[in-house]
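# Structural overview for review
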Amino acid sequence: MKKAQVLILDYGSQYTQLLSRKVRELNIYNEVLSFETTAEELKEYKDLKGIILSGGPSSVYEEDSYGIDQEIFNLNVPILGVCYGMQLIAEKFGGKVENADAKEFGKAQLHFDNFENKLFEGLNDHKNVWMSHADHLTKIPNGFIQLAHSDSSIAAIANIEREIYAIQFHAEVTHSEEGMQMLQNFVFKICNAQKDWNMNSFIEHQVEEIKNIVKNEEVILGLSGGVDSSVAAALISKAIGKQLTCIFVDTGLLRKNEAKKVMENYTKLFDLNIKLIDASQRFYSALKGISEPEEKRKIIGREFVNVFNDEARKMQKAKFLAQGTIYPDVIESSSKGHSSKTIKSHHNVGGLPEDLKFELLEPLRTLFKDEVREVGRKLGLDNSIVNRHPFPGPGLGVRVIGEVEKEKADILREVDDIFITKLEQHNLYDKVSQAFATILPVKTVGVMGDNRTYDYVVALRSVNTIDFMTATSTHLPWEFLDEVVNEIINKVEGVNRVVYDITSKPPGTIEWE
Ligand code: XMP
């Protein structure tokens, strides 16, 4: 039987994951499904208490726009439409949606027209909400009433009897004041969902499930030192101890002392087998002469698979391959609502060869990153692992800009270590989402003492973001940056210039490649 009290149908909004996460924060397990899901398929969810239709980039009046199985409205399950979801509901019930002269992007004030509805219970009038739409409702559908408006649009409607609610704004975004209260009202007061989700029960349940699936067999897992694979390893080792073997590949593209730290941490914390494979030479040779980022990613991914396979082959008895796949990876690869284009291929590991037949074990595939961190903490993982900034699979391979050479990677390791250590010393590390350094393939002129220098430029980058889809550069204190730059120039040979990247995403990406 499929579980989930709340389901979100995805129409491709950049906020769909956030919506799902916010409902999880209310201790309600929910899943994101494609907008093409039929009413028949929804019936498999026996505990279903509510459906949310997400936002999306298209217009409901366009031909080929994303629709909905009309039968879903007859399931007698409360529905909340958000942005595109609202417009879709309006259209399906005889309302009218048109392109607006006054488009609303950003904050708008919400004015209530109706106070007697469960969605607004306990809320205050005239609060700011987050709008992001070019279309708006010009005719309210039959059977619906207007609940609220903004200065330029109808902002909320409902068919109270049928429990269909629709809002033009994004309640899930933090800029929407009391947005969380609205979601809470929908989930608890309208849907009558019961809290069913917390990380203690998740761990208990997963440990049992892993034992049942694995029985006496062996499991291998590729450890990266990042949060996801670490937590997966901790959870699996809690269930099956030494039946788990972790393989940690030193690609030569790791941070300073990373291999050593990972090995120390894991052997200290867990009852598992762990193997360190030093494959750095192999990676440097494969990357020789290559400077195009996507090509570098492919080569690194391919080499990683090769090294991992060589090791896996030695483990004749392993039946399962464990991976730290998390929910955003699952949503992004499966949801048809997602119309975003590939900007960078983030697939770190390509497919395994046909003859290596493992069954996949992915115990974190229902969790968001913050939930993964909480599970990690509950399992006793070090803060240094749990609170770690993301580190891309190709590692320094995409931070040595252009051709990857050991000399540059070595310089970068030192620079990165100084930057990160200083952030930690100044209690800034946990306040920023991701910080790192890159080394550029250019040399510039400088002067040190009485001598002319001709050395590399490095760039520091620090961003703040909730979902890594958009980000802003961190306003690090000038004095702090000064201190970091001084230390880099004084201690790292080969660098004579440091720049700080203040580009936001978009238009920049977080990594430089
Ligand atoms: P971008 O650079 O796309 O990065 O703005 C968004 C987030 O993804 C990380 N990133 C990667 N992670 N393999 C990964 O596992 C990759 O090839 C890759 N490229 C970027 C990046 O560090 C940031 O957290």
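Under an unreviewed UniProt entry, the name given to the protein is GMP synthase [glutamine-hydrolyzing], and the source organism is Spiroplasma chinense. Note on the protein: under the UniProt heading Pathway (unreviewed entry), the record states "Purine metabolism; GMP biosynthesis; GMP from XMP (L-Gln route): step 1/1." If you open the UniProt record of the protein and go to Subunit (unreviewed entry), you find "Homodimer."

## Some remarks on the environment of Ile236
With respect to the element layout, Ile236 can be found in helix H6 (residues 227–240). Beyond its immediate chain neighbours, meaning those up to four positions away, Ile236 contacts Ile210, Leu221, Gly241, Leu244, Ala322, Leu361 and Pro363.

## Examining the pairing of strand S10 (residues 164–167)
Where burial is concerned, the two faces of S10 agree: the one with Ile164 and Ala166 and the one with Tyr165 and Ile167 are both buried. In this structure, strand S4 (residues 79–82) lies alongside S10, joined through four bridges in parallel fashion. Bridging from a neighbouring strand, Ile79 pairs with Ile164 of S10. Pairing of strand S9 (residues 154–159) with S10 involves four bridges; the strand directions are antiparallel. When the sheet's bridge partners are listed, Ala156 is paired in S10 with Ile167.

## A short note on the pattern of salt bridges
When the charged atoms of two side chains lie near each other, side chains of opposite charge can form a pair. Following the criterion strictly, the structure yields 31 salt bridges and no others. Several salt bridges converge on common partners, so that one network encompasses Arg21, Lys22, Glu25 and Asp370.

## Considering the domain arrangement of the protein
For the protein, the assigned domains read domain 1 (6–190), domain 2 (199–386) and domain 3 (400–501). Computed over C-alpha atoms, the centres of domain 1 and domain 3 are 44 Å apart.

## Structural notes on the sheet that holds strand S15 (residues 359–361)
Here five strands make up an open sheet; going across it, the order is S13-S12-S11-S14-S15 and the pairing parallel. Unpaired on one side and paired on the other, strand S13 (273–278) and S15 mark the two borders of the sheet. With direction set aside, neighbouring strand axes in the sheet form an average angle of 30 degrees. As paired elements, strand S12 (residues 244–250) and S13 share six bridges and run parallel to each other. In the strand pairing of S13, Val249 is matched with Ile277. In this fold H6 packs onto strand S11 (218–223), S12, strand S14 (318–322) and S15, with an angle of close to 160 degrees to the strand it touches most, S11.

## Brief notes about the sheet that holds S9
With respect to topology, eight strands assemble into an open sheet ordered S2-S1-S3-S4-S10-S9-S8-S6, the strand pairing being mixed. At either margin of the open sheet sits one strand with a lone partner, and together these are strand S2 (30–34) and strand S6 (111–112). Where strand S1 (residues 6–10) and strand S3 (residues 50–53) come together, four bridges link them in parallel fashion. In the strand pairing of S3, Val6 is matched with Gly50. Running over the sheet, helix H3 (residues 84–92) touches S3, S4, S9 and S10 and is turned about 115 degrees from S4.

## Comments concerning the UniProt feature "active site" (unreviewed entry) in the protein
Feature annotation in UniProt assigns "active site" (unreviewed entry) to the following positions: Cys83, His170 and Glu172. Look at the named residues: they lie 90 residues apart in sequence, but the longest C-alpha span between them is just 11.2 Å, so in the fold they bunch up. By the element assignment, His170 lies in the loop between S10 and helix H4 (179–190). Beyond its immediate chain neighbours, meaning those up to four positions away, His170 contacts Ser13, Tyr15, Gly55, Val82, Cys83, Trp130, Ser132 and Ser176. Relative to the elements of secondary structure, Glu172 occurs in the loop between S10 and H4. With a relative accessible area of 2%, Glu172 lands in the buried category. Those residues in contact with Glu172, other than ones at most four positions away along the chain, are Tyr15, Leu18, Leu19, Lys22, Val82 and Leu183. One polar contact links Glu172 to His170, side chain to side chain, over a distance of 2.8 Å.

The rules behind each value
- Residues numbered from 1 in each chain as written.
- Predicted model: local features only at pLDDT ≥ 70, side-chain atom pairs only at ≥ 80, totals over all residues.
- Heavy atoms only, no water.
- UniProt positions renumbered as here; feature names shortened; annotations may be inferred.
- Helix = DSSP H or I, 4+ residues; strand = E, 2+ residues; numbered from the N terminus.
- Contact = heavy atoms within 4.5 Å.
- Buried < 20%, exposed > 50% of the residue type's maximum accessible area, 1.4 Å probe, protein only.
- Pairing = 2+ DSSP bridges.
- Salt bridge = Lys/Arg side-chain N within 4 Å of Asp/Glu carboxyl O.
- Domains from an automatic or database assignment.
- Axes fitted to C-alpha atoms, helices over the stretch in contact; angles between N-to-C directions.
- Polar contact = N/O pair within 3.5 Å; in protein donor to acceptor, adjacent residues only side chain to side chain.

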